Amino acid sequence: MRFLVVAGGTGRRVFALAGIILVGLVLTGWYHFKGGEGKDPNGPPTVGQTAKTVVLDPGHGGDDSGAKGRLGTVERDLNLVVAEKIGQKLTAAGVNVVLTRTGPENLFTGSPWTQRAELSQRVELARKHQAAVYVAIHGNSFPSSRWSGPQTFYQPGSQEGRRLALHLQAEMTRRVENKDNRQARAEDYFISRVSHCPAVMVEIGFLSNPGEEKLLRTEAHQDKLAAGIAAGVLRFLAGQPAPNGGDRKVAGKS
Ligand SMILES: [Zn+2]
């Protein structure tokens, strides 16, 4: 489950959020001015030279437990298990990994707790760590139980977000079934809109599909997903063009 926040002027009414966006814009400007790690298509891959930071965000937390499967799988807990596995693989590859939460609880401890405050704090954590990549991990759910497969979402207009999402989608699809042929898709989400760095939502599979829920509960399937996401992140950090000819749009714009 994801928090779909409709784009518009509502952000201006929230002073704190406006501040975050302003800071984000300033930092984005600086980032581009500096050339941005991995953004120069002619530059050498920098992985291994300077350790990069990847923020992994296990979706949900606390009383907000996300989707639930018929077998009792709680999305909040599954997201964390998979995020930790991704973190282990990226750490082994020399990447700095920051998790937005390492237990079941939320990050935002103020009162009242709101989704907006929670997500703002998670995105802010990534900015503080000057993360190169932000990956949110979620489990999908739909009223019909027929749908299955992992899917990635990136912010409309973000070429780097798209490149990241395409790598993640391709590397997951390489390792687990994707019968519905799910593709990386542009969709407007709060975290990817306000994040200072390329941010992607990953739906690792459908808890509403009993067969897929069963798979998602196995360590073998979790390992495959984690390996795919980690591999996709590493390809992105190495500056590799989007797979499936998806780099065409990136090359066409400056
Ligand atoms: Zn979710």
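Further up the page is the structure itself.
Conventions used here
Residues numbered from 1 in each chain as written. Predicted model: local features only at pLDDT ≥ 70, side-chain atom pairs only at ≥ 80, totals over all residues. Heavy atoms only, no water. Core = buried A, V, L, I, M, F, W, Y, C linked by side-chain atoms within 4.5 Å. Buried < 20%, exposed > 50% of the residue type's maximum accessible area, 1.4 Å probe, protein only. Helix = DSSP H or I, 4+ residues; strand = E, 2+ residues; numbered from the N terminus. Polar contact = N/O pair within 3.5 Å; in protein donor to acceptor, adjacent residues only side chain to side chain. Pairing = 2+ DSSP bridges. Axes fitted to C-alpha atoms, helices over the stretch in contact; angles between N-to-C directions. Left-handed = near helix turned anticlockwise from the far one by under 90°. Contact = heavy atoms within 4.5 Å. Nonpolar A, V, L, I, M, F, W, Y, C, P; charged D, E, K, R; others polar. Salt bridge = Lys/Arg side-chain N within 4 Å of Asp/Glu carboxyl O. Phe/Tyr/Trp six-rings, centres within 6.5 Å; stacked < 30°, edge-to-face > 60°. Lys NZ or Arg CZ within 6 Å of the ring centre and 35° of its normal. Parallel < 35°, antiparallel > 145°, perpendicular 65-115°, else oblique.

Explain the nonpolar core to me, please; I cannot follow it from the model alone.
A general feature of soluble globular proteins is that nonpolar side chains tend to end up buried together. Counting 36 residues, the largest nonpolar core has I86, V135, I137, V202, I204 and I229 as the members making the most contacts within it. Elements represented by at least two residues in this core include exactly β1 (53-58), α2 (75-92), β3 (133-140), α4 (159-173), β6 (199-206) and α7 (219-237). For this core, the element with the highest residue contribution is α7, accounting for 7 residues. Ranked by size, the runner-up nonpolar core spans 17 residues in total, among them V55, V98, L125 and A136.

Sorry if this is basic, but what is going on with the side chain of N209 here?
Among the structural elements, N209 can be located in the loop between β6 and α6 (210-216). A polar atom in the side chain of N209 sits 2.9 Å from the backbone nitrogen of G211.

Just to check I follow, could you spell out the sheet that holds β1 for this structure?
Strand-to-strand pairing in sheets goes through backbone hydrogen bonds, with the strands running parallel or antiparallel. Within the open sheet, the 6 strands sit side by side as β2-β1-β3-β6-β4-β5. Their pairing is mixed. Edge positions in the open sheet fall to β2 (96-99) and β5 (185-186), since each of these has one partner strand only.

Got a minute to help me understand the packing of α4 against α7 in this structure?
Each packed pair of helices is defined by two parameters, the angle between the axes and the distance between the axes. Contact geometry of α4 with α7 gives a least axis separation of 7 Å together with a crossing angle of 145 degrees. Considering how the two elements wind past one another, α4 and α7 form a crossing that is right-handed. Touching E160, R163, L164, H167, L168, E171 and M172 of α4 are L225, G228, I229, A231, G232, V233, R235 and F236, all from α7. Its residues assigned to classes, the contact of α4 with α7 comprises 8 nonpolar, 3 polar and 4 charged.

Quick question: what am I supposed to make of the pattern of salt bridges here?
One side chain can pair with another of opposite charge once the charged atoms of both are near each other. On inspection of all chains with the given rule, the structure shows 13 salt bridges. Here E124 and R127 are joined by a salt bridge, their closest N and O atoms 2.7 Å apart. Of this pair, E124 and R127 both sit in helix α3 (residues 115-128), 3 residues apart, which is roughly one turn of the helix. Using a relative accessible area of 18% as the deciding quantity, one classes E124 as buried. Here R127 falls in the partly exposed class, since its relative accessible area comes to 22%. Residue R185 pairs with E187 through a salt bridge whose shortest N-O separation is 2.2 Å. Residue class for R185 comes out partly exposed when judged on its relative accessible area of 43%. On the basis of relative accessible area, E187 is assigned to the buried category, the value being 14%. Linked through salt bridges whose partners overlap, the residues forming this network are E171, R174, R175 and R235.

Would you mind showing me how to read the environment of G66 here?
Mapped onto the elements, G66 comes out in the loop between β1 and α2. For G66, a relative accessible area of 19% gives the class buried. As for G66 and G139, which are separated by 73 residues in sequence, their C-alpha atoms are 8.1 Å apart.

Could you clarify how one ought to interpret the packing of aromatic side chains in this entry?
Within a pair of aromatic rings, the relevant descriptors are the distance that separates the centres and the angle that separates the planes. Tallying each qualifying case throughout the model produces 1 aromatic pair. Where F153 meets Y189, the ring centres are 6.0 Å apart and the plane angle is 85 degrees; that geometry is what we call edge-to-face. Linking F153 in strand β4 (residues 151-154) with Y189 in the loop between β5 and α5 (190-194), this pair joins segments that are 36 residues apart in sequence. The same class applies to F153 and to Y189, which are both buried. Against the face of W147 rests R146, its NZ or CZ located 4.3 Å from the ring centre.

What exactly am I supposed to notice about the packing of α2 against α7 here?
At a minimum axis distance of 8 Å, the contact between α2 and α7 shows a crossing angle of 50 degrees. Between α2 and α7, the crossing angle belongs to the class labelled oblique. The two elements α2 and α7 meet at a crossing, and its hand is right-handed. Contacts from L78, V81, V82, K85, I86, K89 and L90 in α2 reach E219, Q222, D223, A226, A227, I229, A230, V233 and L234 in α7.

For this particular structure, what's the right way to read the pairing of β3?
Moving residue by residue along a regular strand, the side chains alternate between the two faces of the sheet. Within β3, 8 of the 8 residues are buried, which leaves the element mostly enclosed by the surrounding structure. With 5 bridges joining them, β1 and β3 adopt parallel strand pairing. Paired with P58 across the strands is I137, a residue of β3. Both β3 and β6 contribute to a ladder of 6 bridges, which runs parallel. Following the sheet pairing, A136 is matched in β6 by M201.

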